[in-house]
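Overview (structure and organization)
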Amino acid sequence: MKNRRYITTPLYYVNARPHLGHAYTTIMADVVKRHYTQRGDEVVFLTGTDEHGEKIAQIAAREGKAPQQLADEVSADFKETWEKMNLSFDIFYRTTSPSHVAAVREALTLLKSKGEIEFREYEGNYCVGCERFLTDTELTADGTCADHQKKPEHRKEGNYFFLMSNYQQKLIDHLESHPESIRPDQYRGEILSFLKNEKLGDLCISRPKSRLTWGIELPFDSNFVTYVWVDALLNYLAATGWPDAQKYDEKLWNEAVHLIGKDIVKTHSVYWFSILMALGVKPPKSLNVNGYWLIGGTKMSKSLGNVVRPLDVEGTYGRETLRFYLLREMSYGNDSTFTLESFVNSVNAHLANGIGNLCSRVLTLCQKNGVTQVPAGAKLESADQALLDRRAQALQEWNAAFEELKYQNAVKSWSELVTACDLYINEQKPWALAKDPAQSGRLHTVLTVCMQVIEALGVLIYPVLPEASLKICGALGLETPDLSAVTRAEVRAFPAIAEVPKLFMRIALPAPEADSKA
Ligand code: MSP
């Protein structure tokens, strides 16, 4: 039986076009999916767009569009961008789809019938950027929202409330007894400390239609629409077929891992987990939390106007380079700064000069000398065996990196294999062996060992660099990037190298603009 996994990204708001911050979480989901697929698991990857709420209604009004039109345009942009970036999502979910609207209404009906929802007057500070009421402790000293650098609006209105305060202790118990519930652990610590030190309030789950009509109407009061976070969070569960007993894939739901940024840990742990508990559904297995990509010291975001577009980077600097850079440069969970200089340096050092150069060096030598296999009777020397052993170690490091969310270690382990192979080539000097007909047997052995290492690299890089992986595998006659190629003990025979694949070019920063006054 295959293991099943369910990996989700946040549903992105349709108020902004896809930028590198959104791309990071979506790329990570793709990398994780490809990794587990390669290990033989069956993985369902969900992404999509969050289309209701005040923020979207405001932008649509500003642009003179109906909210649905704006949602259609921007949602299509997200979908196309992810497709162009070769991200292998299985479900592209939209919160304006009729099936989602029906699921949200059913969830609310159920919560109301269980006595989990109450009507009351509410007064508080609402940040439209966050789409939620902020507590006093969440505001900076001068009363602004730190994420959006704006003062929230003071609001007082009658609304429906989910009795979230009843779940304070249950949430604490859940997080304490499930160490994997929020990862890396620092974020679980933060939420636990919040839950232990502050009184949890109830959650306002409605917006009066007098103020906002762009949302899902409450099933029990047509004067209100559903608060956008409650609407959006339900996507993860509704996509598994819930609440339709015939369609609900509970086993898949039990494997849910939500990939999110650190800005939305509270909504995903406190709001979402308690809503699920109230519905009688298990909270997801894990929230995997990434830090921010910063530009010039601040978070990249549309409202701050400092965004990098993923397709621009790919268009200028080549496919997959961005995936590699983002994975290699960010220690998962922490913030990291994006600069074009570090991007160019990283691609040149590790892709063009690293794996790209090694592959073309070895495969060109194999092609020139007609090398395909270790000659009959030739024995492997200890240096050959040591290099082959290094491959299996890379696979172990690779698996551990994914289990521990230490993705940088995965890249580190393959870089070390590249270095080990470069060193082996420098020591074995195949170019010198090629000049001496008496050394022909040794030349074939050395280059075949190298091909076997390159084959392993081709397989190992698949989750991060799928296109390059398939090019390498193709050149070596391997149909799929099968992990058994990394552990195979005997050195196999390879097909003659017909064409040396071109993998990564060296790239350069754009030339500084000429001074027009000069
Ligand atoms: N619509 C909500 C999520 C609802 S999920 C049920 C939302 N959308 S968002 O468009 O603002 O996307 C936020 C997510 O995008 C972050 O949680 C993170 O995954 C990603 N990122 C956006 N900017 C980012 C950075 N600058 N750096 C890293 N990730 C970032 O919140």
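Summary of the structure given here. In this convention, every chain numbers its residues from 1, walking through the sequence in written order. Under the rules for a predicted model, residues below a pLDDT of 70 receive no local features and side-chain atom pairs below 80 are neither given nor counted, while totals for whole chains, interfaces and linings still include all residues. Only heavy atoms go into the side-chain values, all of them from the structure, while hydrogens and water stay out.

**A short note on the overall build of the chain**
For the purposes of this entry, the term helix denotes a DSSP run of H or I that reaches at least four residues, the term strand denotes a run of E that reaches at least two, and both are numbered from the N terminus. In terms of helices and strands, the chain carries 19 helices and 16 strands. Along the three orthogonal principal directions, the C-alpha set of the chain runs to about 90 × 70 × 40 Å. Put simply, the chain has 518 residues, and 55% of those count as buried. Any two residues having at least one pair of non-hydrogen atoms within 4.5 Å are treated as being in contact. Nonlocal contacts in the chain, meaning residues at least 24 apart in sequence, comprise 76% of its contacts between residues at least 6 apart. To measure how exposed things are, a 1.4 Å probe is used in the Shrake-Rupley method; for residues, cover is taken only from the protein chains shown. Accessible area of the chain: about 21900 Å², with a carbon and sulfur share of 50%. In summary, the charge assignment counts Lys and Arg as positive and Asp and Glu as negative, without counting His or the chain termini. The atom standing in for a charge is NZ when the residue is Lys, CZ when it is Arg, CG when it is Asp and CD when it is Glu. Taken as two groups, the 58 positive and 64 negative side-chain charges of the chain have centres that lie 2 Å from each other. When accessible area is computed with a 1.4 Å probe and restricted to protein chains, residues below 20% of their type maximum are described as buried, those above 50% as exposed, and intermediate ones as partly exposed.

**Considerations on the site of the ligand**
If even one non-hydrogen atom of a residue comes within 4 Å of a molecule or strand, that residue is called near it. As a matter of local geometry, the ligand sits amid 25 residues, with Leu-11, Thr-25, Asp-50, Asp-263 and Trp-293 nearest to it. Think of a polar contact as two N or O atoms within 3.5 Å of one another; within protein, one of them needs to be a possible hydrogen donor and the other a possible acceptor, and neighboring residues in sequence only count if both atoms come from side chains. Here an oxygen atom of the ligand sits 3.0 Å away from a polar atom, N or O, in the main chain of Tyr-13. Here a nitrogen atom of the ligand sits 3.4 Å away from a polar atom, N or O, in the side chain of Asn-290. Contact with the protein chains hides 95% of the accessible area of the ligand, taken as 670 Å² for the molecule alone. Taken together, the elements giving at least two residues each to the shell around the ligand come down to β1 (4-13), α1 (20-38), α7 (228-233), α8 (235-238) and β12 (256-261). At four residues, the largest contribution of residues to the shell around the ligand is made by β1. Residue composition of the shell around the ligand, by class: 13 nonpolar, nine polar and three charged. As a working rule, the residues Ala, Val, Leu, Ile, Met, Phe, Trp, Tyr, Cys and Pro are called nonpolar, Asp, Glu, Lys and Arg charged, and the rest polar, with Gly in that last group.

**Examining the layout of surface pockets**
Any empty space left between the atoms is revealed when a probe the size of a water molecule rolls over them. Of the pockets and cavities examined, the second largest pocket occupies roughly 350 Å³. Taken together, 23 residues line the second largest pocket, and the ones lying closest to its centre are Tyr-122, Phe-133, Thr-135, Asp-202 and Tyr-271. Broken down by secondary-structure element, the contributors of at least two residues to the lining of the second largest pocket are β4 (117-127), β5 (132-134), β8 (203-204) and α10 (265-279). Considering every element that reaches the lining of the second largest pocket, the biggest residue donor is β4, with four residues. For the lining of the second largest pocket, the residue count by class is eleven nonpolar, four polar and eight charged. Two kinds of site are reported from a 1 Å grid over the protein atoms alone, namely cavities, where a 1.4 Å probe fits but cannot get out, and pockets, open sets with protein on both sides within 12 Å along at least five of seven lines, and residues are called lining when an atom falls within 4 Å of a point. Grid points are joined across faces, edges and corners, and a volume is the space filled by probe spheres set on the points.

**Brief notes about the packing of aromatic side chains**
By convention, a stacked pair of Phe, Tyr or Trp rings (six-membered ring in the case of Trp) has centres within 6.5 Å and planes under 30 degrees apart, an edge-to-face pair has planes over 60 apart, and any other such pair is tilted. Enumeration over the complete set of coordinates arrives at 26 aromatic pairs. Note on Tyr-12 and Trp-82: the rings are 6.1 Å apart at their centroids and 65° apart in plane angle, and the pair reads as edge-to-face. Here Tyr-12 is found in strand β1, whereas its partner Trp-82 is found in helix α3 (residues 67-84), with 70 residues between them in sequence. For Tyr-12, a relative accessible area of 6% corresponds to the buried category. Given the relative accessible area of 0%, Trp-82 is considered buried.

**Overview of the sheet that holds β8**
For two strands to be treated as a pair, DSSP must find no fewer than two bridges joining them. With antiparallel pairing, four strands are arranged side by side in an open sheet as β5-β4-β6-β8. Each having just a single partner strand, β5 and β8 make up the two edges of the open sheet. In the sheet, strand β6 (residues 153-162) pairs with β8 via two bridges, with the strands oriented antiparallel. Bridge pairing in β8 places Phe-161 opposite Cys-204.

**Structural notes on the nonpolar core**
Throughout this description, the term nonpolar core refers to a set of buried Ala, Val, Leu, Ile, Met, Phe, Trp, Tyr and Cys residues connected via side-chain atoms within 4.5 Å. Core analysis: the biggest nonpolar cluster contains 167 residues, and Trp-272, Phe-343 and Trp-414 have the highest contact counts within it. Per-element tally for this core: the top contributor is helix α17 (residues 440-460), with twelve residues. Here the limits of each domain have been adopted from an automatic or database domain assignment. Inspection of this core shows a minimum of three residues originating in each of domain 1 (4-290) and domain 2 (340-487). If we ignore the near neighbours within four places in the chain, the residues touching Trp-414 are Phe-324, Ile-355, Trp-398, Leu-457, Ile-461, Val-464 and Leu-465.

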